[in-house]
Every structure is written in structure tokens, then in C-alpha cells.
Amino acid sequence: MNAIQKIEREHLRIDMPKFNSGDTVKVHMRIIEGEKERIQVFQGAVIRISKGTTDATFTVRKVSEGVGVERVFPLHSPSIERIELVQEGRVRRSRLYYLRDLKGKAARIKPKKRW
């Protein structure tokens, strides 16, 4: 193992839950405004996951007041307080970019059945 891999291993977070594309998650982010710090929640569907070590990211999409909002989060960022898995979705592909063109009920993702 080389020196870069050792340094990257130190910065990985192991407290993140397992989630996939199509799942609905709540991302609790630390927002720093001046000297104040607060937690802001961003809830939406995961439309993309980019694997990797310290550069792993995931994209969450939500519709806010009729406007689609997407945000890319670094998975191992210290500014992420925690990630909650709200609902698991049943999808057939890993990149859900087609949700950008859908509106209303057509943009829903069916929940995964738990037996």
C-alpha cells in the first residue's frame, strides 16, 4: 500500500449508511454563516452515486416550489453531519437522469417491497 492510499484511508467515514440510486435520503449539512453554525436538511431522491475513495460523491434531487433542485454531496465530507435513509426505491438503472424531464406523479419512484 502506498503513501497516498494510507492518507486517504484516514479520511474515510465509516458511519454512512448504505444507500443506492432511487432511495430517498435526508442529508444533514453543517452550514457556517459568519460565526454561527446550523444544520440544514436536504431531502430528496438519490439520482447518481459516484464511487471512489475520498472523492466519492452522490447527487440528490428534490422539487422545491415547482423547481427541480439537484445538489452534489461529497460522501466523506466533514460538513455532512449525518445521512438518514427515508425510503428505499425500486429502480432498474443506476443513473436516474430521466427524472429531470418528468413532472408530478410520473416522477415518483416506487418503494422497494419489504417481505
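Residue positions are counted from 1 within each chain, in the order its sequence is given. Owing to the predicted nature of the model, reporting of local features is limited to residues with pLDDT of at least 70; listing and counting of side-chain atom pairs is limited to 80 or more, with chain, interface and lining totals taken over all residues. Excluded from the side-chain calculations are hydrogens and water; all other atoms, namely the structure's heavy atoms, are used.

Trainee: Looking at this structure, I do not really get the layout of surface pockets. What am I missing?
Mentor: Picture a little ball the size of a water molecule; that probe, rolled over the atoms, points out where space is still empty. The definitions used throughout rest on a 1 Å grid laid over the protein atoms alone, on which a cavity is an enclosed set of points accommodating a 1.4 Å probe that cannot get out and a pocket is an open set flanked by protein within 12 Å on both sides along at least five of seven lines; lining residues are those having an atom within 4 Å of a point. Grid points are joined across faces, edges and corners, and a volume is the space filled by probe spheres set on the points. Considered as a void within the structure, the largest pocket measures approximately 460 Å³ in volume. As for the largest pocket, its lining consists of 23 residues, and the residues nearest its centre are Ala45, Arg61, Val63, Ala107 and Arg108. By definition, any uninterrupted DSSP run of H or I lasting at least four residues is a helix, any uninterrupted run of E lasting at least two residues is a strand, and each is numbered from the N terminus. Among the elements of the structure, β2 (36-50), β3 (57-64) and β4 (67-74) are those that each provide at least two residues to the lining of the largest pocket. Element by element, the count of residues in the lining of the largest pocket is highest for β3, at three residues. In this structure, the second largest pocket occupies an estimated 330 Å³ of space. The wall of the second largest pocket is formed by 16 residues, among which Met16, Pro17, Lys18, Lys51 and Leu75 lie closest to the centre. Mapped onto the lining of the second largest pocket, the elements with two or more residues apiece are β2 and β3.

Trainee: Honestly, the environment of Tyr98 in this entry has me stumped. Any pointers?
Mentor: Mapping Tyr98 onto the fold places it in the segment after β5 (80-87). Each residue is assigned to one of three classes by its accessible area relative to the maximum for its type, calculated with a 1.4 Å probe on protein chains only: buried under 20%, partly exposed between the two thresholds, exposed over 50%. A residue is classified by how much of its surface remains accessible, and Tyr98, at 38% relative accessible area, is partly exposed. Expressed as a C-alpha distance, the spacing of Tyr98 and Arg61, which sit 37 residues apart in the sequence, is 12 Å.

Trainee: Help me understand the pairing of β3, please; the structure alone is not making it clear to me.
Mentor: Working note: regular strand, side chains alternate between the two faces of the sheet. Examined bridge by bridge, β2 and β3 share five bridges and lie antiparallel to one another. For Ser50, the partnering residue across the bridge sits in β3 and is Thr57. At least two bridges found by DSSP between two strands is the condition for calling them paired. Once β2 ends, the chain turns through six residues before running back antiparallel as β3, passing Gly52 with a positive phi of about 155°. Taken together, the eight bridges between β3 and β4 define a ladder with antiparallel strand orientation. By the bridge assignment, Thr59 is partnered in β4 with Val72.

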